[in-house]
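# Understanding the architecture of this molecule
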Amino acid sequence: MTILVTGGAGFIGANFVLDWVAQADELVINLDKLTYAGNVQSLASIDGNPKHLFVHGDIADSALVEKLLAEHQPRAVINFAAESHVDRSIHGPEDFIQTNIVGTFRLLEAVRAYWKALPGDAQQAFRFLHVSTDEVYGSLAPDAPAFTETHQYEPNSPYSASKAASDHLVRSYHHTYGLPVLTTNCSNNYGPYHFPEKLIPLMIVNALGGKGLPVYGDGQQIRDWLYVKDHCSAIRRVLEAGTVGEVYNVGGWNEKPNLEIVNRICALLDELRPRADGKSYSEQITFVTDRPGHDRRYAIDARKLERELGWKPAETFETGIRKTVEWYLSNWQWVENVQSGSYREWVEKNYGERSE
Ligand code: NAD
Ligand code: DAU
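Per an unreviewed UniProt entry, the chain is named dTDP-glucose 4,6-dehydratase, and its organism is Pseudomonas urmiensis. Looking at the chain in UniProt, the text filed under Catalytic activity (unreviewed entry) is "dTDP-alpha-D-glucose = dTDP-4-dehydro-6-deoxy-alpha-D-glucose + H2O".

Right, here's the structure in full:
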């Protein structure tokens, strides 16, 4: 048996592939374009493992995807591949339209043709699992209930609009063609191999590098944090037992304002790697210009996944954030390797425009 994962050299995809190889006795084909966010070093621990086959390529390359499907006959496709950073989508939305919308469409087309030609039992068992985000639901008022699966779509950034479009395409391929799809909409992830352009890894890396910790606006925007390994276990569970055509929200019931997150990271670093001058890393916090169109609050109601499929996160925010900070402290070489020239250009461009 084989599964095909797309975007498996990115943050969540790599964690998923590593866990899959460790737990399942099944080949995983990993198709990744290796954009700035893709990193084969995240997969170094499974280098040469016969259960993993890395393929460098684009989900929008129909001929390549068709060839991979025909050759390997996967029983499932799990689509992680995406442009994923909101700030980058504000500076340059086109890549987001290309990968998240056109890429997902081409992938769906290739998968539809492959699935249609499968023999009866294999066709019945096949699944296409699309990994999506809570950002498609828009921003919540402070006292509004958390997003359920039936919350209306109200995407506010080019990133979330492109993910919303991909979710709609996936839904339509089920409704129109009967393709056996599953969609997961997850809240903010954190953990190992997280690229240091996103809040949590950026704060850890900047703190240790003696740099400013740029908090957007008043820092009171709320995100709902889930340890990445819990997201991976939710995806495995939905793949295994989810009802075809259904959507499952994934979240950790961990709503926190950004400033609290940054202060918690500083406190952990004060404990685990104190500054040479004895001062707290929190002294490095700087308030910078807010993100345009910044969503104020996300919160996921994950009760459907718990009720129907018995999934619950294993980590609390406290255990997960400690593991994360410890991982970065012990994997500094990985951080140095991902801070390429293009990463440094991005930091200059984004934070150059955000000076206090
Ligand atoms: P990431 O940016 O870290 O990784 C994306 C990966 O996709 C990279 O390895 C990149 O090289 C690859 N990729 C990009 N374009 C591609 C293409 N055209 N063809 C093949 N590969 C391509 O993203 P992530 O944080 O790991 O997110 C993975 C998925 O989960 C995305 O679909 C994202 O929308 C979704 N998601 C992320 C979060 C989060 O907090 N990070 C939360 C919910 C959902
Ligand atoms: O909610 C799920 C989404 O979470 C995923 O779909 C996205 O792929 C993922 O990138 C993430 O989006 P966010 O925009 O919430 O994540 P980010 O880490 O960029 O920002 C988290 C919060 O921190 C957000 O309110 C903006 C703020 N922020 C971010 C950065 C990078 C800062 O205050 N300073 C920063 O330097």
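For the rest of this paragraph, the subject is the site of ligand 2. Around ligand 2 lies a shell of 24 residues, among which Asp134, Tyr159, Asn188, Arg291 and His294 are the nearest. Within the backbone of Ser84, a nitrogen or oxygen atom sits 2.7 Å from an oxygen atom of ligand 2. Contacts to ligand 2 include Tyr216, whose backbone N or O atom sits 2.8 Å from an oxygen atom. For ligand 2, the protein covers 94% of the area, taking 690 Å² as the surface of the free molecule.

We now examine the pattern of salt bridges. Applying the stated criterion across every chain, the model contains 21 salt bridges. One salt bridge in this structure joins Glu71 and Lys67, with 3.6 Å as the shortest N-O distance. Of the two residues, Glu71 and Lys67 both sit in helix H2 (residues 62-72), 4 residues apart, roughly one turn of that helix. Classification of Lys67 by relative accessible area gives partly exposed; the value is 47%. The shortest N-O distance in the salt bridge between Glu109 and Arg112 comes to 3.1 Å. Taken together, the residues Glu109 and Arg112, both in helix H4 (residues 94-116) and 3 residues apart, mark about one turn of the helix. Here Glu109 falls in the partly exposed class, since its relative accessible area comes to 28%. A relative accessible area of 23% places Arg112 in the partly exposed class.

The local shell around ligand 1 holds 28 residues, among which Ile12, Asp32, Ser84, Tyr159 and Lys163 are the closest. Note that an oxygen atom of ligand 1 is positioned 3.0 Å from one of the backbone N or O atoms of Phe11. Between Asn189 and ligand 1, the recorded distance is 2.9 Å, taken from a backbone N or O atom to an oxygen atom. In isolation ligand 1 offers 840 Å² of accessible surface; the protein chains occlude 97% of this area. Residue assignment for the shell around ligand 1 shows that the elements contributing at least two residues are helix H1 (11-23), strand E5 (127-133), helix H6 (158-177) and strand E7 (188-190). For the shell around ligand 1, the leading source of residues is E5, giving 3 residues. Across the shell around ligand 1, the residue classes tally to 12 nonpolar, 12 polar and 4 charged.

What counts and what doesn't
Residues numbered from 1 in each chain as written. Chains lettered and ligands numbered in written order. Predicted model: local features only at pLDDT ≥ 70, side-chain atom pairs only at ≥ 80, totals over all residues. Heavy atoms only, no water. UniProt positions renumbered as here; feature names shortened; annotations may be inferred. Near = heavy atom within 4 Å. Polar contact = N/O pair within 3.5 Å; in protein donor to acceptor, adjacent residues only side chain to side chain. Areas by Shrake-Rupley, 256 points an atom, 1.4 Å probe, with all protein chains shown as cover. Salt bridge = Lys/Arg side-chain N within 4 Å of Asp/Glu carboxyl O. Helix = DSSP H or I, 4+ residues; strand = E, 2+ residues; numbered from the N terminus. Buried < 20%, exposed > 50% of the residue type's maximum accessible area, 1.4 Å probe, protein only. Nonpolar A, V, L, I, M, F, W, Y, C, P; charged D, E, K, R; others polar.

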